[in-house]
Amino acid sequence: MAERAEGLSRVGDKLVLAACVVVSIWMMTWEESARVRRGAAWLHALVTPIEWVDRLVDDMISLKRDNEQLRAQLAALRLDLQQVGYERQRLEELQRRAGFHELNRGRLAPAEVIQLVVSRIPVQAKIRSFGEDTLRVWQPVVSERGLVGRVRQVLDPRLALVQLLTEEDSRISVEVVRTGVTGLLRYDGRRFFVDHVPQGESVMVGDEMFTSGLGGTVPRGIPVGSVVAVRSSPSELFQAVELESPVDFSALRRVYVITRPGPWYARNFEAVVDTQATPPADAADPRAPGSNGAREESGR
Amino acid sequence: MTGLRLVVAVFLTLVVQLSLVRRVAIFGVQPDLAILLLVLLAGRRGPGSGALLGFAIGLLQDLLVPETLGMNALAKSVVGWAMGKLSRQLAMDSVVLYLSLVVIAVLAHDLIYLVCLTRLDVGRLVMVYLTNSLPSALYTGLFAAVIGGIAIVLQQSILPRGGERGMLGRG
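What counts and what doesn't
- Residues numbered from 1 in each chain as written.
- Chains lettered and ligands numbered in written order.
- Predicted model: local features only at pLDDT ≥ 70, side-chain atom pairs only at ≥ 80, totals over all residues.
- Heavy atoms only, no water.
- Pairing = 2+ DSSP bridges.
- Helix = DSSP H or I, 4+ residues; strand = E, 2+ residues; numbered from the N terminus.
- Axes fitted to C-alpha atoms, helices over the stretch in contact; angles between N-to-C directions.
- Contact = heavy atoms within 4.5 Å.
- Buried area = accessible area lost by both parts, 1.4 Å probe.
- Salt bridge = Lys/Arg side-chain N within 4 Å of Asp/Glu carboxyl O.
- Polar contact = N/O pair within 3.5 Å; in protein donor to acceptor, adjacent residues only side chain to side chain.
- 1 Å grid on protein atoms, 1.4 Å probe; cavity = no way out; pocket = protein on both sides within 12 Å on 5 of 7 lines; lining within 4 Å.
- Points joined across faces, edges and corners; volume = space filled by probe spheres on them.
- Nonpolar A, V, L, I, M, F, W, Y, C, P; charged D, E, K, R; others polar.

Trainee: Looking at this model, I keep getting lost on the sheet that holds strand 10 (residues 223-231) of chain A. Mind explaining?
Mentor: Note on sheets: strands pair through backbone hydrogen bonds, and any given pair is parallel or antiparallel. All names here are of chain A. The strand order around the closed barrel built from 6 strands is 6-7-8-11-10-9, with neighbouring strands paired in antiparallel fashion. Averaged over neighbouring strand pairs, the angle between their axes works out to 40 degrees when direction is ignored. Pairing geometry for strand 10 and strand 11 (residues 238-244), over 5 bridges, is antiparallel. Paired with Ser-226 across the strands is Glu-244, a residue of strand 11.

Listed below in structure tokens is the structure:
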């Protein structure tokens, strides 16, 4: 009797297995039906909060690790900054003892672009300064990214026309930061080029270029762009160096006029930028006529 | 183990498999807790229940990735049935034997699953089997040994005292 029951049990086990196998194989032939999708959604709804918590734990762990790394970097940078400050003091002391002129801090007057004269791209800008300093012709104009141009015409002490670097007449003396090789920056209507770079001088793609200060109007050390192509031919006197400017001339809104050149470093940026004056009410309102962003198409 | 406990155990195992297990992955190889649970339960309940449990666990896993619907269910049904059968025929008092069964179960499961998944693409099957299934089987065996070791230590440190209390209570 017991043997018979055991035999039936064995047959039952085999039947269960067969049923499971058959159903599994049958399920493999299913297209993804609405029922399957509902079942999957139901299971995912159960699992999702757990996955969410799991991801949260992951994020917390990585956040903690990143935070520790950043703290270490911050500490290192603070130490570096202290060292730089110390070296700067020493340099200024040495310069003073050697008879150099006492160094002044540079000064930037914030200004708002109220009009852009556009050829293919903007070539001239009308700006309104908020600074105390009076604007003068040939004062350099910069943005946070680099040199923008120079004041070409002063309309009143706070209003001026700026010749952008993209104007074809514009020429600025620039140098390769790595080697000190100088040249003249010009724009040909499509791209920036640096002229008068003799053959054999080392200029490489990726080289950063700053203003050289040789022209006398623009101080040395303002970023101008980086080299994107160098073409050198033995039959030519000079190399053709193509440059890319970091400044987006089509999106100029805020610029700074360098009203007093000098080292830009200071304990904080506010000490450098002249923020005594506040923008006039009409300048603060972007909807005011002739205000921020008004463009004038030039017939050029 | 009652039905409710069984459901909770299966659900917890799947949750741990989806979340915590990847934290102990070594070079992307993870232990297969679902198989571990299946071997354990099938060994206690026999081949029929093993097949049914395997089918249920596999179906839940398949529902998480509906493209593989039926594959896990099939592989786990067969493995559950086989483990139930083997546990009746073998004396399961040896730890080494139990761990070997776990490794064999993972290997057998992955073989069936990969045959279905690759549709008998032998090259792909062999590559995945060697690079993933084999290490996973060994890792699952190792994991089972560690978990088993912890369970034995806990059992020895907690249960005797509980037993004494029980006897005292009855006395």
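Next comes the rest of the description.
Trainee: Just to check I follow, could you spell out the interface of chain B and chain A for this structure?
Mentor: Often, the extent of an interface is quoted as the loss of accessible area on bringing the components together. With 28 residues of chain B in contact, the opposing surface of chain A contributes 27 residues. Note on chain B versus chain A: buried area summed over both sides is about 2300 Å², and carbon and sulfur give 74% of it. Where chain B touches chain A, the interface holds 1 salt bridge. A salt bridge links Arg88(B) to Asp13(A); the nearest nitrogen and oxygen atoms lie 3.5 Å apart. Taken together, the links from chain B to chain A amount to 3 residue pairs in polar contact (both at pLDDT 80 or more). Elements that contribute at least two residues to the side of chain B that touches chain A include exactly helix 1 (3-18), helix 3 (47-64) and helix 4 (71-89) of chain B. The greatest single-element share of the side of chain B that touches chain A, amounting to 9 residues, is contributed by helix 3 of chain B.

Trainee: Just to check I follow, could you spell out empty space enclosed by the protein for this structure?
Mentor: Rolled over the atoms, a probe with the dimensions of a water molecule shows which regions are left empty. In this structure the tally under the stated criterion is 1 cavity of 30 Å³ or more. Each pocket or cavity is described by its volume, and for the largest cavity that value is around 40 Å³. Around the largest cavity, the lining residues are Leu43(A), Val47(A), Phe11(B), Leu14(B), Val15(B), Leu18(B) and Leu64(B). With 4 residues, the single largest contributor to the lining of the largest cavity is helix 1 of chain B. Residue composition of the lining of the largest cavity, by class: 7 nonpolar, no polar and no charged.

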